[in-house]
Amino acid sequence: QVRFVESGGGLAQPGGSLRLSCQTHRFITSVFNSLEYGWYRQAPGKQRELVASIGRDTNYADSVKGRFTISRDSARKRLFLQMNSLKPEDTAVYYCNRVRDPDAWGQGTQVTVSP
């Protein structure tokens, strides 16, 4: 059973952009809007880290602040991560999930930033 479906990853050059999408398992707008969701990433050999979250407010890790923008489409129950000015350090598998009490993890989407 897939709880989250991430898409939009791929290969980008440094300075390039990618837009990630996440289909959540929520179908009631009020429920979807009441939860805090986040985008996480995990690079090889590193811990999974939260890079952006959205609830009442949006928050970003210092490493992506000013470059990434998280948003949501309440009608379609989707999350997005607009990634600009990409750096090689952004290379990782990106996942979406709840911030508090995360559900099962999806397969994620691979983002590779390389010249």
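One structure accompanies this document, and this report is about it.

The rules behind each value
- Residues numbered from 1 in each chain as written.
- Predicted model: local features only at pLDDT ≥ 70, side-chain atom pairs only at ≥ 80, totals over all residues.
- Heavy atoms only, no water.
- Salt bridge = Lys/Arg side-chain N within 4 Å of Asp/Glu carboxyl O.
- Helix = DSSP H or I, 4+ residues; strand = E, 2+ residues; numbered from the N terminus.
- Buried < 20%, exposed > 50% of the residue type's maximum accessible area, 1.4 Å probe, protein only.

### A closer look at the pattern of salt bridges
Thought 1: For the structure shown, the criterion picks out 6 salt bridges.
Thought 2: Residues D90 and R41 are paired through a salt bridge, measuring 2.9 Å at the closest nitrogen-oxygen approach. One end of the pair, D90, is in the loop between β8 (78-83) and β9 (92-98); the other, R41, is in strand β4 (residues 37-42), with 49 residues separating them in the sequence. Neither D90 nor R41 differs from the other in exposure class; each is buried.
Thought 3: The closest approach of N and O atoms between R67 and D90, which form a salt bridge, is 2.8 Å. Of the two residues, R67 sits in the loop between β6 (58-60) and β7 (68-73) while D90 sits in the loop between β8 and β9, which places them 23 residues apart along the sequence. The burial state of R67 is the same as that of D90; both residues are buried.
Thought 4: Sharing partners across several salt bridges, the network here consists of R41, E49, R67 and D90.

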